[in-house]
Amino acid sequence: QESVPYTFPIFEDMAESSRRFQDFLISTELSKPSVRKSSVFLCTNPIFYCTFFAGLNRTTIGYFGLPLLYMVPKDEWERWTRHYVAMAASPHSLFFANNPLLAEQLAWQSGVRVRVLRPLALYLEDSYYPTRLNDVLVPEPREACVLNCLLRKFTPPAYPFKFFEKADTD
């Protein structure tokens, strides 16, 4: 892990970021009658944003597509993970990952299992018909650095799948 550069943007002061967002939310959005009636807030990426709704006495639904530690300074990782575990245990929180790999990563990092809710699902009454059955797009940003190198090195020449990164499709 140390050999892979940590290139995500990070919050310099997580407590200050959270306090400033709550102040903004209370002064601008919660002052609106329609928002004051809301009983549910939605948070997404980075997962740390869910802390912005703490203490507002609302149910928080988290829908995640990025890693647990995205934008969290390294010296805050342990404390933030404990905080995430506490939020997830709250009866006022309901968290989802948008893919099985992320759900497993969250479980491995925190011990918390979340449900998977894919971005495109049957309830949308839409269908997806892939035309490139042997092509696999490798995720980015951080995973691509490791996965693409390993795939290039160890994929046999006659392997039935072709692996691409986003840069190959631009």
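Everything below is about the structure printed above this text.
Visitor: Help me out: how do you make sense of the pairing of strand 2 (residues 59-64) in this one?
Guide: Consecutive residues of a regular strand have side chains that alternate between opposite faces of the sheet. Only one face of strand 2 is covered, namely the face carrying Thr60, Gly62 and Phe64; the face carrying Thr59, Ile61 and Tyr63 is uncovered. Where strand 2 lies against strand 3 (residues 93-97), five bridges are found, and the strand directions are parallel. Looking across to strand 3, one finds that Phe64 is bridged to Ala97. Taken together, strand 2, helix 3 (residues 77-89) and strand 3 form a β-α-β motif whose crossover is right-handed.

Visitor: Which parts of the structure should I look at to understand the side chain of Asn98?
Guide: Assignment of secondary structure puts Asn98 in the loop between strand 3 and helix 4 (100-110). Excluding its chain neighbours within four sequence positions, the residues that come into contact with Asn98 are Tyr63, Phe64, Gly65, Val116, Leu117, Arg118 and Pro119.

Visitor: How should I be thinking about the state of the cysteines in this particular structure?
Guide: Among covalent bonds in proteins, the disulfide is the one between the sulfur atoms of two cysteines. Taken as a whole and judged by the stated rule, the model has one disulfide. Here Cys43 pairs with Cys50 through a disulfide, and the sulfurs are 1.8 Å apart. Taking the sign of the S-S torsion, about 75° here, the bridge from Cys43 to Cys50 comes out right-handed. Like Cys50, Cys43 is buried.

Visitor: Looking at this structure, how should I read helix 3?
Guide: Since one α-helical turn is 3.6 residues long, residues separated by three or four positions face the same way. Counted at 1.5 Å a residue, the expected span for helix 3 with its 13 residues is 18 Å, and the 18 Å between its end C-alpha atoms agrees. Of the positions making up helix 3, those classed as buried are Trp77, Trp80, Thr81, Tyr84 and Met87. Considered in projection along helix 3, the buried side chains sweep an arc of 120° and stay on one side of the axis. Helix 3 presents Glu78 and Ala89 as exposed residues on the side facing more than 90 degrees away from its buried surface. Elements in contact with the buried residues of helix 3: helix 1 (14-29), strand 2, strand 3 and helix 4.

Rules of the game
- Residues numbered from 1 in each chain as written.
- Predicted model: local features only at pLDDT ≥ 70, side-chain atom pairs only at ≥ 80, totals over all residues.
- Heavy atoms only, no water.
- Buried < 20%, exposed > 50% of the residue type's maximum accessible area, 1.4 Å probe, protein only.
- Helix = DSSP H or I, 4+ residues; strand = E, 2+ residues; numbered from the N terminus.
- Pairing = 2+ DSSP bridges.
- Right-handed = clockwise from strand over helix to strand, strands pointing away.
- Contact = heavy atoms within 4.5 Å.
- Disulfide = S-S within 2.5 Å.
- Expected span 1.5 Å × (residues − 1).
- Arc of directions from axis to C-beta.

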